[in-house]
Amino acid sequence: MLKGKTAIVTGSTSGIGLGIARALGGAGANILLNGFGDAEQIESLRAGLAQEFGVEVAYSAADMSRPEQIHAMVKSAQEQLGGVDILVNNAGIQHTSPIETFPAERWDAILAINLSSAFHTIQAALPGMRASNWGRIINIASVHGLVASVDKSAYVAAKHGLLGLTKAVALETAKTGVTCNAVCPGWVLTPLVQKQIDARAARDGLSEEQAKSALLSEKQPSGEFATPEQIGAICLFLCSTAANQMRGAALPVDGAWLAQ
């Protein structure tokens, strides 16, 4: 479906981003990976994806808190892979603390990576999409773009802002072949979440399954995690012709979290 297209997926060396990159690569898109990690492992990942899916796969170590590096990453994709047809803004970080003690530098970092980076990637990639009159901008937000939780002021503010940005871009591109939408996951089983499960099990003397159940029961009525593969499949749908008139939407994948 996406043969001949090129996708940038930020924060794609593991977790949700990697699930999205695999889905798009499996549909024939060339991929620019981005994220931090061990250089040898990232190269092995890059080469493995290229071989598995028969597509071109490049990598950028651009720091999503640095606008000049973001613009250079987009330019690199245009030069190496022929353009940017699909942009998935997935990179994100988290910090939890009551607002009275929330470190100002963590607030700044979360806003920079979870929100401002999407502004910079869109600004850099959109002219090329307009020129070809086709593009897909997908912002990976969160249920925390729609509701709040305690001790997550920066994350909640950034994700709410990301949904506002999604709507604004959707309006500005409404008469073009470019769409902009957001996906709002609840709990997704990623390596980062697995660390939270392991920490909770150790802290409270629980089995892994008990720790998972405790984590999910607080918010996610289904009692099941979403998976990176499911998020990838939703992004693939948003790239299809069936989604041509989906614009400015926020799609929850949350096990009925928001239904409460």
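A short tour of the structure in this document, coming up. Residue positions within a chain follow its written sequence, with the count starting from 1. Where local features are concerned, this predicted model is filtered to residues with pLDDT of at least 70; where side-chain atom pairs are given and counted, the filter is 80 or more; whole-chain, interface and lining totals use all residues. Hydrogens and waters are ignored; side-chain quantities use all the structure's heavy atoms.

**Quick look at the sheet that holds strand 5 (residues 135–140)**
As summarised here, the arrangement of the 7 strands in space is 3-2-1-4-5-6-7, forming an open sheet in which the pairing is parallel. Because the sheet does not close on itself, it has two edges, and the strands there are strand 3 (57–60) and strand 7 (250–253). Going from strand to strand, the sheet's axes swing by 20° on average, the running direction of each strand aside. Pairing between two strands requires that DSSP report at least two bridges joining them. Strands here are runs of E lasting at least two residues and helices are runs of H or I lasting at least four, both read from the DSSP assignment and numbered beginning at the N terminus. Where strand 1 (residues 6–9) and strand 2 (residues 30–34) come together, 4 bridges link them in parallel fashion. In the sheet register, Val9 faces strand 2, and the bridge partner there is Leu33. When checking whether two residues touch, look at their non-hydrogen atoms; a contact exists if any pair is within 4.5 Å. Working convention: axes come from line fits to C-alpha atoms, limited for helices to the stretch in contact. Angles between N-to-C directions cover 0 to 180 degrees. Set on the sheet, helix 2 (residues 39–53) makes contact with strand 2 and strand 3; between it and strand 3 the angle comes to about 155°. Of the strands in this sheet, strand 4 (86–89), strand 5 and strand 6 (178–185) touch helix 4 (residues 104–132), which is tilted by about 170° from strand 4.

**Concerning the nonpolar core**
By nonpolar core we mean a set of buried residues, namely Ala, Val, Leu, Ile, Met, Phe, Trp, Tyr and Cys, connected to one another through side-chain atoms within 4.5 Å. Each residue is assigned to one of three classes by its accessible area relative to the maximum for its type, calculated with a 1.4 Å probe on protein chains only: buried under 20%, partly exposed between the two thresholds, exposed over 50%. Grouped together as the largest cluster of nonpolar side chains are 37 residues, with contacts concentrated most on Ile8, Met129 and Ile137. Mapped by element, the contributors of at least two residues to this core are helix 3 (67–81), helix 4, helix 5 (153–172) and strand 6. Looking at this core, the element that brings in the most residues is helix 4, giving 10 residues. Excluding anything up to four places from it in sequence, Met129 contacts Val84, Asp85, Ile86, Leu87, Trp134, Gly135, Arg136, Ile137 and Val178.

**Observations regarding the packing of aromatic side chains**
Two rings from Phe, Tyr or Trp (for Trp, the six-membered ring) form a pair when their centres sit within 6.5 Å of each other. Planes less than 30 degrees apart are called stacked, planes more than 60 degrees apart edge-to-face, and all others tilted. Enumeration over the complete set of coordinates arrives at 0 aromatic pairs. The positively charged end of Lys5 is found above the aromatic ring belonging to Trp134, 4.0 Å away from the centroid. Each ring is checked for a lysine NZ or an arginine CZ that lies within 6 Å of its centre and within 35 degrees of its normal; such an atom marks a charge sitting over the ring.

**Thoughts on the environment of Val188**
Residue position: Val188 is located in the loop between strand 6 and helix 6 (191–204). On the basis of relative accessible area, Val188 is assigned to the buried category, the value being 4%. Along the sequence, Val188 and Ser132 sit 56 residues apart, while their C-alpha atoms lie 34 Å from each other. Each residue touching Val188, except ones within four places of it in the same chain, is listed here: Ile16, Val193, Phe225, Ala226, Thr227, Pro228 and Ile231.

**A word on the pairing of strand 6**
Judged by how many residues are buried, strand 6 sits mostly within the fold: 8 of 8 residues are covered. Of the two faces of strand 6, the one lined by Val178, Cys180, Ala182 and Cys184 and the one lined by Thr179, Asn181, Val183 and Pro185 are each fully buried. Examined bridge by bridge, strand 5 and strand 6 share 6 bridges and lie parallel to one another. In the sheet register, Ile138 faces strand 6, and the bridge partner there is Asn181. The path from the first strand over the helix to the second decides the hand: if it runs clockwise while the strands point away from the viewer, the crossover is right-handed. Regarding topology, helix 5 serves as the crossover connection from strand 5 to the parallel strand 6, and that connection is right-handed.

**Here we look at the side chain of Thr6**
Counting through the fold element by element, Thr6 comes out in strand 1. Those residues within four positions of Thr6 in sequence are excluded, and the remaining contacts are Asn30, Leu81, Gly83, Val84, Asp85 and Ile86.

**So, the pattern of salt bridges**
The rule for a salt bridge is simple: a side-chain nitrogen of Lys or Arg has to be within 4 Å of a carboxyl oxygen of Asp or Glu. For the structure on display, the rule yields 7 salt bridges. Residues Glu52 and Arg22 are paired through a salt bridge, measuring 2.7 Å at the closest nitrogen-oxygen approach. With Glu52 in helix 2 and Arg22 in helix 1 (residues 15–26), the pair connects residues that are 30 residues apart, well separated along the chain. Note on Glu52: relative accessible area 47%, which makes it partly exposed. A relative accessible area of 34% places Arg22 in the partly exposed class. Of the charged contacts, one joins Lys212 and Glu208 as a salt bridge, the two residues approaching to 3.8 Å between their closest N and O atoms. Residue Lys212 and its partner Glu208 are located together in helix 7 (residues 208–217), separated by 4 residues, close to a single helical turn. Three or more residues joined by partner-sharing salt bridges are found here, namely Glu208, Glu209 and Lys212.

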